[in-house]
Amino acid sequence: MHNVMVNGAAIPALGLGTWTLKDEVCSELVAHALSLGYRHLDTASTYDNESAVGEGLRLSGVPREDVFVTTKVWYTEIASGDLERSAEQSLKRLGLDKVDLLLIHWPHPEIPLADSIKALNAVRNSGIAGHIGVSNFPSEMLGKAIRLSDAPLVANQVEYHPFLAQTKVHAACRAAGMAMIAYAPLGRGGALLDEAAIADAAKRHSKSPVQIVLRWHVQQEGVVAIPRAERKEWLAENIDVFDFELSGEEMAAITRLRSHNLRFYVNEGYHAPQWDTID
Ligand code: NAP
């Protein structure tokens with residue numbers, strides 16, 4: 001697996017999304033994933049599984065410094081003071097003295113961005129977050145966050161899969177030397193996997209449709225994918241995407257599926273920002 005090198009951070013191109021995994025199931029899956037070669041774990045204070053993720057990391061026996069651990073601060077906690085407290089509580093639950101990446105989970109319409117970014121920088125300066133970034137930031141808001149931050153932001157985690165374009169966010173990330181971390185990279189495992197562009201490539205490469213989608217992600221500059229899977233055999237399948245390459249034509253055919261313009265997460269939520277328009 002390659003690392004995506006961004007603003008001083010080396011982020012493994014494929015990580016394990018842990019949302020909905022809980023307790024022993026979560027710890028065991030995390031430990032199993034690490035035994036298969038995963039080196040990037042994605043959690044959040046709101047997933048209610050940070051303790052289990054930390055436990056899985058310890059169970060695995062993989063040295064802490066070999067694993068890239070991300071957690072996130074829930075949007076109601078991103079005011080100055082709250083954000084620092086949230087980060088400290090996350091570390092306690094994880095049983096770690098540092099996370100590799102701390103993200104603002106969602107923007108908050110009523111909390112000034114400058115305050116949140118200042119607090120995020122304070123956490124980084126205190127040494128308990130190796131790197132900082134954001135999540136669910138449309139391109140213009142991302143530009144503001146970048147300008148407000150003393151330390152470079154290293155990632156924006158957004159929904160991204162072949163049914164949803166993120167052209168503007170991706171371009172903004174690349175221009176700032178940041179990674180775009182794709183959440184729901186499999187389009188939640190639904191109809192996307194039956195699309196001809198994906199199924200045909202799967203036949204040609206003797207891979208599964210899921211592997212084709214994940215390969216499509218990691219073959220793009222600066223893109224990291226964090227699929228979630230509850231079955232052990234799927235964990236193995238999902239990381240086995242680094243021994244083949246999609247052609248330019250195959251990449252383009254999958255990219256064209258974005259005309260579906262399907263967003264699975266928060267279209268009109270009270271905490272959803274104004275998403276980028278699709279060009
Ligand atoms: P996803 O990764 O696109 O899809 C997960 C679905 O695909 C699950 O139903 C899973 O089934 C299935 N799947 C996984 N591997 C498979 C395989 N090899 N073959 C067939 N099906 C497979 O969607 P997601 O879970 O919504 O997103 C992934 C991660 O992104 C989350 O866990 C979380 O860490 C992160 N996330 C972040 C945000 C944010 O606001 N920053 C929002 C949403 C998600 P099973 O459940 O049966 O394993």
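What counts, and where the lines are drawn
Residues numbered from 1 in each chain as written. Predicted model: local features only at pLDDT ≥ 70, side-chain atom pairs only at ≥ 80, totals over all residues. Heavy atoms only, no water. Helix = DSSP H or I, 4+ residues; strand = E, 2+ residues; numbered from the N terminus. Rg over C-alpha atoms; globule rule 2.2 N^0.38 Å. Buried < 20%, exposed > 50% of the residue type's maximum accessible area, 1.4 Å probe, protein only. Contact = heavy atoms within 4.5 Å. Lys, Arg positive; Asp, Glu negative; His and termini not counted. Charge placed at Lys NZ, Arg CZ, Asp CG, Glu CD. Near = heavy atom within 4 Å. Polar contact = N/O pair within 3.5 Å; in protein donor to acceptor, adjacent residues only side chain to side chain. Areas by Shrake-Rupley, 256 points an atom, 1.4 Å probe, with all protein chains shown as cover. Nonpolar A, V, L, I, M, F, W, Y, C, P; charged D, E, K, R; others polar. Salt bridge = Lys/Arg side-chain N within 4 Å of Asp/Glu carboxyl O. Core = buried A, V, L, I, M, F, W, Y, C linked by side-chain atoms within 4.5 Å. Pairing = 2+ DSSP bridges. Axes fitted to C-alpha atoms, helices over the stretch in contact; angles between N-to-C directions. Patch = residues over 30% accessible without salt bridge, like charges linked within 9 Å, V, L, I, M, F, W, Y side chains within 5 Å.

J.: Honestly, the overall build of the protein chain in this entry has me stumped. Any pointers?
T.: Check the secondary structure of the protein chain and you find ten helices and ten strands. Its C-alpha atoms give the protein chain a radius of gyration of 18 Å, within 12% of the compact-globule value 19 Å for 279 residues. In terms of overall dimensions, the protein chain has a C-alpha envelope of 55 × 45 × 30 Å along the principal axes. Looking at the protein chain as a whole, 55% of its 279 residues are labelled buried. Taking the contacts inside the protein chain whose residues are at least 6 apart along the sequence as the reference set, 76% of them involve residues at least 24 apart. Averaged over its 26 positive side-chain charges, the protein chain has a centre that lies 2 Å from the centre of its 35 negative ones.

J.: What is the right way to read helix α2 (residues 50-60) from this model?
T.: Side chains of residues three or four places apart in an α-helix project in the same direction, reflecting 3.6 residues per turn. Those residues of α2 lying buried are Glu-50, Ala-52, Val-53, Gly-54, Gly-56 and Leu-57. Against the buried residues of α2 lie α1 (23-36), β4 (40-42), β5 (68-73) and α3 (82-94). Just downstream of α2 lies Gly-61, where phi reads positive at about 75°.

J.: In this structure, what is going on with the site of the ligand? I would like to understand it.
T.: Not every one of the 28 residues close to the ligand is listed here, only the nearest: Leu-186, Arg-228, Glu-230, Asn-238 and Tyr-265. For the ligand, an oxygen atom lies 2.8 Å from a polar atom in the backbone of Leu-186. Within the complex, 89% of the 910 Å² of free accessible area of the ligand lies under protein. Of the residues forming the shell around the ligand, the biggest block, three residues, is contributed by helix α9 (residues 232-239). Class assignment for the residues of the shell around the ligand results in 13 nonpolar, nine polar and six charged.

J.: Would you take a moment to explain the pattern of salt bridges for this structure?
T.: It is possible for side chains bearing opposite charge to pair when their charged atoms get close. Following the criterion strictly, the structure yields nine salt bridges and no others. Linking Arg-85 and Asp-82 is a salt bridge whose minimum nitrogen-to-oxygen distance equals 2.8 Å. Pair noted here: Arg-85 and Asp-82 are both in helix α3, with a separation of three residues, about one helical turn. Note on Asp-82: relative accessible area 26%, which makes it partly exposed. Between Asp-240 and Lys-207 there is a salt bridge, and its shortest N-O distance comes to 3.4 Å. Note that Asp-240 is positioned in the loop between α9 and α10 (248-255) and Lys-207 in the loop between α7 (196-205) and α8 (209-218), a separation of 33 residues in sequence. Residue class for Lys-207 comes out buried when judged on its relative accessible area of 15%. Here the residues in one salt-bridge network are Lys-207, Asp-240 and Asp-243, joined through shared partners.

J.: Teacher, can you tell me more about the nonpolar core here?
T.: Among soluble globular proteins, nonpolar side chains are generally buried collectively. In terms of nonpolar packing, the biggest core is built from 93 residues, with Leu-83 and Leu-102 touching the most fellow members. Excluding residues within four positions of it along the chain, Leu-83 makes contact with Val-73, Glu-77, Ile-78, Leu-102, Ile-104, Ser-116, Ala-119, Leu-120 and Val-123.

J.: Even after reading the chapter, I still don't get the sheet that holds β5, so can you show me in this structure?
T.: Hydrogen bonding along the main chain pairs the strands of a sheet, whether they run parallel or antiparallel. Here we have eight strands laid out as an open sheet, ordered β3-β4-β5-β6-β7-β8-β9-β10, and parallel in their pairing. Bordering the open sheet on either side are β3 (16-17) and β10 (223-225), each of which pairs with just one other strand. The pairing of strand β9 (residues 179-183) with β10 spans three bridges and is parallel. Bridge pairing in β10 links Ile-181 to Val-224. Where helix α6 (residues 167-175) meets the sheet, it contacts β8 (153-159), β9 and β10, and its direction lies at approximately 145° from that of β9.

J.: Help me understand a negative patch on the surface in this model?
T.: A contiguous patch of negative charge on the surface is contributed by Asp-23, Glu-24, Glu-28 and Asp-48. Along the polypeptide, Asp-23 turns up in helix α1.

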